[in-house]
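Structural overview for review
These are the residues of each chain, in order.
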Amino acid sequence: MAGSAKSNITPPLGENLVGNWVPTPSTNIHDELHARCLVLDNGETKIAFVICDSLGLKREVCDEARALICSETDFEPDHILISATHTHSATPATSDAYQPFLVRRIADGVRRAMANRQPARIGWGSVDEPSEVFNRRWYTTDPEALKNPFGGVDQVRMNPPRANLLRPAGPIDPEVSFLSVQSLEGKPIALLANYSLHYVGGVKKGDVSADYFAIFSERIGQLMNADSNFVGIMSNGTSGDINNINFQGKSERREPYEQMTNVANLIAERVYEAHQQIEFQNWVPLDAVSRDLTLQYRKPDKAMQDYFAKVMQQPEDAEPYQRHERTYAGRVQALLEGPDSTEVMLQVVRIGDLAVTAIPFETFAEIGLELKEKSPFADTFTIELANGWYGYLPTPEQHKLGGYETWMGTNKVQFDASDLIEKTLFELMDEVSDK
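Conventions used here
- Residues numbered from 1 in each chain as written.
- Predicted model: local features only at pLDDT ≥ 70, side-chain atom pairs only at ≥ 80, totals over all residues.
- Heavy atoms only, no water.
- Helix = DSSP H or I, 4+ residues; strand = E, 2+ residues; numbered from the N terminus.
- Rg over C-alpha atoms; globule rule 2.2 N^0.38 Å.
- Buried < 20%, exposed > 50% of the residue type's maximum accessible area, 1.4 Å probe, protein only.
- Lys, Arg positive; Asp, Glu negative; His and termini not counted.
- Charge placed at Lys NZ, Arg CZ, Asp CG, Glu CD.
- Core = buried A, V, L, I, M, F, W, Y, C linked by side-chain atoms within 4.5 Å.
- Contact = heavy atoms within 4.5 Å.
- Disulfide = S-S within 2.5 Å.
- Phe/Tyr/Trp six-rings, centres within 6.5 Å; stacked < 30°, edge-to-face > 60°.
- Pairing = 2+ DSSP bridges.
- Axes fitted to C-alpha atoms, helices over the stretch in contact; angles between N-to-C directions.
- Parallel < 35°, antiparallel > 145°, perpendicular 65-115°, else oblique.
- Left-handed = near helix turned anticlockwise from the far one by under 90°.
- Expected span 1.5 Å × (residues − 1).
- Salt bridge = Lys/Arg side-chain N within 4 Å of Asp/Glu carboxyl O.
- 1 Å grid on protein atoms, 1.4 Å probe; cavity = no way out; pocket = protein on both sides within 12 Å on 5 of 7 lines; lining within 4 Å.
- Points joined across faces, edges and corners; volume = space filled by probe spheres on them.
- Nonpolar A, V, L, I, M, F, W, Y, C, P; charged D, E, K, R; others polar.

A word on the overall build of the protein chain
A tally of regular secondary structure across the protein chain gives nine helices and 23 strands. For the protein chain, whose C-alpha radius of gyration is 21 Å, the value lies close to the compact-globule estimate of 22 Å for 435 residues. Judged by the C-alpha coordinates and their principal axes, the protein chain covers about 70 × 45 × 45 Å. The burial tally for the protein chain puts 58% of its 435 residues in the buried class. With 41 positive and 62 negative side-chain charges, the protein chain shows a separation of 3 Å between the mean positions of the two kinds.

Comments concerning the nonpolar core
Within the largest apolar cluster, 37 residues are counted, with the highest numbers of intra-cluster contacts made by F150, L295, F308, V348, F361, I421 and L425. Listing elements by their share of this core, those giving two or more residues are strand 18 (286-296), helix 5 (302-313), helix 6 (325-337), strand 19 (341-351), strand 20 (354-359), helix 7 (365-374), strand 23 (392-393) and helix 9 (417-434). Ranked by the residues each element gives to this core, the list is headed by helix 9, at seven residues. The residues touching I421, leaving out its near neighbours within four places in the chain, are L293, L295, L346, I359, F361 and L393. Counting residues in hydrophobic clusters, the runner-up holds 32 residues, among them L33, V61, A93 and M114.

Some details on the state of the cysteines
In total, this model carries zero disulfides according to the counting rule given. The thiol sulfur of C37 is not disulfide-bonded, and the nearest other cysteine sulfur, from C52, lies at 7.1 Å. Owing to a relative accessible area of 0%, C37 belongs among the buried residues under this scheme.

Comments concerning the packing of aromatic side chains
Tallied over the full model, the rule gives 13 aromatic pairs. Note on W21 and Y328: the rings are 6.2 Å apart at their centroids and 65° apart in plane angle, and the pair reads as edge-to-face. Of the two residues, W21 is situated in the loop between strand 2 (16-17) and strand 3 (24-25) and Y328 in helix 6; the sequence distance between them amounts to 307 residues. Overall, W21 belongs to the partly exposed group, its relative accessible area being 36%. The interplanar angle of 65° and the centroid separation of 6.2 Å between the aromatic rings of W138 and F247 together place this pair among those described as edge-to-face. Placement of W138 in strand 10 (residues 137-140) and of F247 in the loop between strand 17 (242-243) and helix 4 (258-275) is noted, with a sequence separation of 109 residues between them. The exposure class assigned to F247 is buried, which follows from its relative accessible area of 7%.

Points about the pairing of strand 5 (residues 34-41)
The buried fraction of strand 5 amounts to eight of the eight residues, a majority that puts the element mostly inside the structure. Summarising the sheet, strand 1 (residues 2-8) and strand 5 pair through seven bridges and their orientation is antiparallel. When the sheet's bridge partners are listed, G3 is paired in strand 5 with V39. Where strand 5 meets strand 6 (residues 46-52), seven bridges bridge the pair, whose relative direction is antiparallel. Bridging across to strand 6, C37 finds its partner in V50.

Focus: the packing of helix 7 against helix 9
Two numbers describe how helix 7 lies on helix 9: the axes approach to 11 Å, and their chain directions differ by 30°. Taken together, helix 7 and helix 9 sit at an angle that is classed as roughly parallel. Classified by chirality, the crossing of helix 9 by helix 7 is right-handed. Residues I367, E370, L371 and K374 of helix 7 form the contact with helix 9, whose own contacting residues are S418, E422, L425, F426 and M429.

Re the pairing of strand 14 (residues 188-195)
Every other side chain in a regular strand lies on the same face of the sheet, so the side chains alternate between the two faces. The element strand 14 is extensively covered by neighbouring structure, given that eight of its eight residues are classed as buried. Pairing of strand 13 (residues 175-183) with strand 14 involves six bridges; the strand directions are antiparallel. Residue V181 lies in a different strand from strand 14, and its bridge partner there is A190. Hairpin connection, strand 13 to strand 14: the antiparallel pair is bridged by four residues, and G186 has positive phi, about 95°. Of the strand pairs in this sheet, strand 14 and strand 16 (residues 231-236) are connected by six bridges, and their pairing is parallel. Looking at the pairing, N194 lines up with S235 of strand 16.

Remarks on helix 3 (residues 211-223)
Here helix 3 spans 19 Å end to end across 13 residues, near enough to the 18 Å set by a 1.5 Å rise per residue. Residues of helix 3 that are buried sit in contact with strand 5, strand 14, strand 16 and helix 4. Immediately downstream of helix 3, the backbone of N225 shows phi near 55°, a positive value.

Remarks on the pattern of salt bridges
Under the definition given, this model contains 26 salt bridges. A salt bridge links E405 to R137; the shortest N-O distance between them is 2.8 Å. You can see E405 sitting in the loop between helix 8 (396-401) and helix 9 and its partner R137 sitting in strand 10, a full 268 residues away along the chain. R137 matches E405 in its accessibility class, with the two residues each being buried. Salt-bridge contacts for K374 lead to E370; the nearest nitrogen and oxygen are separated by 2.7 Å. Taken together, the positions of K374 and E370, both in helix 7 and four residues apart, correspond to about one turn of that helix. Residue K374 is classed as partly exposed on the basis of its relative accessible area, which comes to 48%. If you follow the salt bridges from partner to partner, you end up with E72, R104, R105, D108 and R111 in one network.

Brief notes about the layout of surface pockets
Taken as a whole, the second largest pocket holds about 420 Å³ of empty space. As for the second largest pocket, its lining consists of 19 residues, of which R157, Q322, R323, H324 and W407 are closest to the centre. Residue composition of the lining of the second largest pocket, by class: nine nonpolar, four polar and six charged.

Some words on the environment of V356
Within the element layout of this structure, V356 appears in strand 20. A relative accessible area of 0% places V356 in the buried class. Along the backbone, V356 and T380 are 24 residues apart, and their C-alpha atoms lie at a distance of 5.7 Å.

Here it is as structure tokens:
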């Protein structure tokens, strides 16, 4: 059995858009935001996926929504995966007005997907599309570009100036994974895809938009000749160091929304082609497990505290060493005054010989690649920003290189967090594969 639904989660105008350095109030809704929901039920186990058009979801939002779903259905808590797409033209679920609305709409979406269940068959597959993903961290010979907000110099730079580039600092993951359910007669019910692309962007100032994630969701339905009840879904893979900018190619001027439409249409077409080759099954085993992992928050040492104290004593119009140093003074202070540790939820969903791992960070591509390579399952993909949002997740090796994603305040947890997370996910995969 499978059912799908989508809930409108568009925030009121005036809520801040926080995908850039300076928050700006939303002034227009270019396209509505949704929580796209898919429920799988094999008669023994139920699984729910909820993918929200949001920059990120705090764990409290996910936990409250999960508790509400469980109080109103017979779902088990760790059988519900809730994630954000990371569109940069949306608001986070942090305001007192928006958060309870979002929680309610997520729960309603799952309940509606439950009500829409029908006999179904299921299949999955993947296709590579490397043309739209680029590692955004680069070695460069420009010393000015390598300055960091802590008074030092990094080895790599995120989104560098195009001159003086040497090589990217990490890999990409070109794979588009997807899971498809249809009625026994072949009528499309839903398709859940996964691509390791941070977002595309290119919106008008003040516009709320679900980015390429939503355009893909609509386009794949059109290609499959689906009716209005079909729900297309694009989730975010391990894209913490990946974007849609070809730093070695020519930069072409695009109209607002043009590039995200181009990317979404291409990926939808590639998925549609691969979809013709997959084999559907009328029944598969389902399972899901989760585990909380304790991670230590990073804390500034005395030297760093002293450095930022001097920064903040300077006049605001003084020439900075690095233009974001005042921003990071605040972020570092928040970590200093905050808790020493946190609990993050890690999760694995099993669908036949497919494993879906869930990580609550903006996760580097090489982590997702390693999970795929060493997985005990025939197929594996990772949904990032799932069940919480704790900043970036570089590997220990990437931490040594520096760069925006590794800076204290952008990355908040201990240096070896990715190793601990991978270890836990492999244990969870072994647990569900043994069953």
